[in-house]
Amino acid sequence: MNIKLLFLLFVGTAIGHVFAAEVKPPNIVLIVADDLGYADVLFNPQHPPEISTPHLDALAKESVICRQGYVSGHVCSPTRAGLMTGRYQQRMGLYTGGEAGSGLPMSEMIFPQFLSPAGYISCQLGKWHLGPTPQWSPALRGFDEVFGFLGRGAHDYFKLNDPSDPIYRGTQPVQESGYLTDRLGEEAVSFIQRHDADPFFLYLAFNAVHAPLQAPADEVAKFDTGNPDRNTLLAMGKRMDDAIGNIVATLKQESVWDNTLLFFISDNGGPLAQTANNTPLRGGKHQDYEGGVRVPFLVCWPGKLTPGESQAVVSSLDILPTALAAADIASPEKSSFDGINILPILRGETTPTPRDLFWCAGAEEGWWAVRSGDWKVVGDKQRVGLFDLSQDVSEKQDLAQQMPEKLAELTALHDSWLEEMAYPMKGGAKRYGMPAPLDKKAKGTKKPKKRKASSDPSVSADGDVRDAFVALPAKPQKAASSRPPNVLFLAVDDMNDWIGCLETTPHAITPNIDALAARGVNFTNAHTAGVFCAPSRAAIFSGQYASTTGCYTSPNYFVHHPEIESLQTSFAKAGYTTLGAGKLYHHPAGAIDQRGWAEFFLRNQFQREGGWALESWSSDTPVPQPFPASIYNRGKQITGGLFLEWGPIPNEREEEMADTIRINWAVEQLKQKHDKPFFLACGIYAPHFPNYCPQKYFDMYDPDQIPLPPMKDDDLEDLPPKVRRQKENRRRAHHDKLVEIDAVDDAIHGYLACMSYADAMMGRVLDALESSPYADNTIVVFWSDHGYHHGEKGDWGKHTLWERTSNVPFIWAGPGVTQGQKSDVTVSLIDMYPTLVEMCELPRPSQTLEGESLAETLIDPTMASDRNVLLPYMTPGEFAIINRDWRYIRYGDDGEELYNVREDPNEWNNLASDPQYTDIMAELSRSAPQSFAAPEPKLNERKDLVVEGETFRWQQGKGNYVPHPKYLPYNAAVASPTEQK
């Protein structure tokens, strides 16, 4: 051979080897949007006209658009577990948002750990949602750089320096500012610029467009759809699109674009209640219809993949094995991944073969689905449907009845797949209607250990075509709607734990409340957050104790702390219609937080123009005659409230009672059409004194058979000296007088009658809910603001730190709540706000919520661990700490009490002076606040309440409020207080 030719061949080969050695593996960029609607991108030809995602559209023109791209779950965190591992998350026992959000098992190898041995630098930005605390940080799982948040699914877009919900850099919280979507985009650009010489893996998980709906005002102003929520959602999407545009531009500027494999997906379908558009698909987030699991899906690799469209069925589970194949990294054993390398399909090198894909949210949530070829089965807790996606991508034509063999075939396929999956981490069956695991583990699976998790337990279903479904062979249970759950928030006043389902003595007749408890979770050890109406309700609606707000005796947290976002404000910000009525706050003028209500019902014009005073007993409401009615007050001129006053009114006047009018209004709201989810809150005054109600409720009880609560004559002997003197004075003022006139059972009779009246009112609104189209998708919360003494410890009333004041009825029912369960875990009314934030995906308020979410407990009460709860008293430094076993009371420097409530449920034996309990008291006291806020400055209605038309405000020294004279309808025919019963 010619020597010159040989030389040229040698040199060419050597140069080729040098260039081959310098070719680095492709960069991997994985961008995940959050809750993005299928049609809320321009590259969906069925997008509505208002969409503005030009950068994504430009990216799509350089990508393969996977028109049948799926994710492995219908909510955020399970999908992310599958994405990071390339395996069905159910293999790890992660079926629900709560399970996956509580922590992806550390034994699972995830995306960057596969890439690191090949020299990749890995970065995670944005939403993690695979473990709520730093021990689960992506920085400990192979990512070299981390910037984002851990927590549950949502984060405020503007508050980036909240220590209760921090932004992390690595494993350390950092103080940040700006708009979160912008900051994530900026961090991505910086990472690319710093590592353009290295092979890198960039995992950018935007939390846009997940709730809360927040965007810069100038961005929102660019959209005018007629729907403010939709405008904000589009602005959030536009801001994310801009960030993606900057990232693509940086990849090109840094000359790494041609060697970058980029994926873009959404973590699940768009939530319809947040105005997402999933056209042409049915349903959305929280459902296994196509709208919940088919997502925008782009794959871009310049020069390696020809831009265009693919109809191949692909999954987010495919992204990891595809990335490893692109990087020429050997995959684990074939069976380790459930996803596949889709590069040959996208290149057209192989013809797509029919695929089987599976979904399952566990027995508690109920949703499951399987796609095999073009056929798909979707099931919820009650029924299952069969659809031919080749002809019916919108899943409108259920073929289950026409093709039972195909239905059975796909159901059996899903059964076989589930046999390979682990049991749910939180326990229970893998699918609704299947048996839960027994002591013997199912073949080939492990039953994961139960552990407490922060969850997103929303359960929903699409009821539009449900009637066509074929019933499953399981206990029927109504499914819920595709939008977030409605909330029916029902409050009673001064009702203690004498309701029927709590099985106490005395025992009120409360069939409607008992029925509610039978279909939900009944907390038997629930406690108030304040010792009377004003502080309790202030704590409930602010989410903070008096020790933080200063509302020890006052209700007006919103005056001195306007930065506090009330419960109804959080619902309003989440797009709910907020409707209120009755005694939700304290009853005097100026006590209602007006913010956030779409409508607050008031009975008459004076209330509307009188500072919203509730006036439950006034000239337009019936009262007994003669007045005063009770044997305790007969012959007296009442100067204060109607304390220890009871008596029947004519049955025919029930509809004139203030509480009846409020309940009837709530019933009417349930008959209306609501285009948005609603928060309907209604509070009644009963059974607060005066105990006036129709005669028929008195007649439910034999006056000669009224049982008395347990009492002990010397019960005050072991109290601290100052407290003992106070309580002895109160006993002499009221209890001893009732004993003297033999009226203790009479007073209890009036209270029991009003409890039964309150129960009947609850029955009206619960019946209306059951008859409404909202029955299946409404969370019901029933609560009393505090309890009440009827002679126990010599007291009549509330205002104490003992069990009679603190223990309250507290019942939850509806979607996301198990049925017919009692729980004696210690909980507080202050837990309602954080629980509803989690269950309804509300935006996190500006203030720190001091309760704990009960969402996981409501799913499975057996998982709950007991805890200490706080009950502040009426003075800073005075409080009770309560748990299942103990009640510790401290009156500042005036003494202590300790009760072993398991052995001494009546709290008759104060153990505080016994040295053997010193350590227990010290341990309990550590749960008290380290410091107590000063009392909120007092306000005077006449001096400080400014009434302006049908609204009001507080301004010191500028008051113009003129109260109504107290309505006291004395009758000349008054009886002697010594008259016999």
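Residues numbered from 1 in each chain as written. Predicted model: local features only at pLDDT ≥ 70, side-chain atom pairs only at ≥ 80, totals over all residues. Heavy atoms only, no water.

Student: Can you walk me through the pattern of salt bridges in this structure?
Tutor: If charged atoms from side chains of opposite charge come close, those side chains can pair. Scanning the model with the defined rule gives 62 salt bridges in all. A salt bridge links R80 to D34; the shortest N-O distance between them is 3.6 Å. One end of the pair, R80, is in helix α3 (residues 76-85); the other, D34, is in the loop between β1 (27-33) and α2 (54-61), with 46 residues separating them in the sequence. Taken individually, R80 and D34 each receive the classification buried, so the pair is uniform in this respect. Among the salt bridges present, the one from K406 reaches E409, with a minimum N-O distance of 3.5 Å. You can see K406 and its partner E409 sitting in helix α13 (residues 404-420), three residues apart, about one turn around the helix. The exposure class assigned to K406 is buried, which follows from its relative accessible area of 19%. The network of salt bridges with common partners includes R169, E176, R183, E186 and E187. (Salt bridge = Lys/Arg side-chain N within 4 Å of Asp/Glu carboxyl O. Helix = DSSP H or I, 4+ residues; strand = E, 2+ residues; numbered from the N terminus. Buried < 20%, exposed > 50% of the residue type's maximum accessible area, 1.4 Å probe, protein only.)

Student: Could you clarify how one ought to interpret the environment of H587 in this entry?
Tutor: Assignment of secondary structure puts H587 in the loop between β19 (577-582) and β20 (599-601). With 27 residues separating them along the chain, H587 and L614 place their C-alpha atoms 5.2 Å apart. Among residues more than four places away in sequence, those in contact with H587 are A613, L614 and Y685. (Contact = heavy atoms within 4.5 Å.)

Student: Could you clarify how one ought to interpret the packing of helix α14 (residues 511-518) against helix α23 (residues 744-770) in this entry?
Tutor: Two quantities define a packed helix pair, namely the angle between the helix axes and the distance between the axes. Between α14 and α23, whose axes approach to 7 Å, the crossing angle comes to 50 degrees. Taken together, α14 and α23 sit at an angle that is classed as oblique. On the side of α14, the interface is formed by P511, N512, I513 and L516, while α23 contributes D759, A760, G763 and L766. (Axes fitted to C-alpha atoms, helices over the stretch in contact; angles between N-to-C directions. Parallel < 35°, antiparallel > 145°, perpendicular 65-115°, else oblique.)

Student: I would appreciate a short explanation of the domain arrangement of the protein chain in the present structure.
Tutor: By a widespread convention, an interface's size corresponds to the accessible area lost as its parts come together. Split by domain assignment, the protein chain resolves into domain 1 (27-353), domain 2 (354-432) and domain 3 (486-865). Each of domain 2 and domain 3 has a C-alpha centre, and the two are 44 Å apart. (Domains from an automatic or database assignment.)

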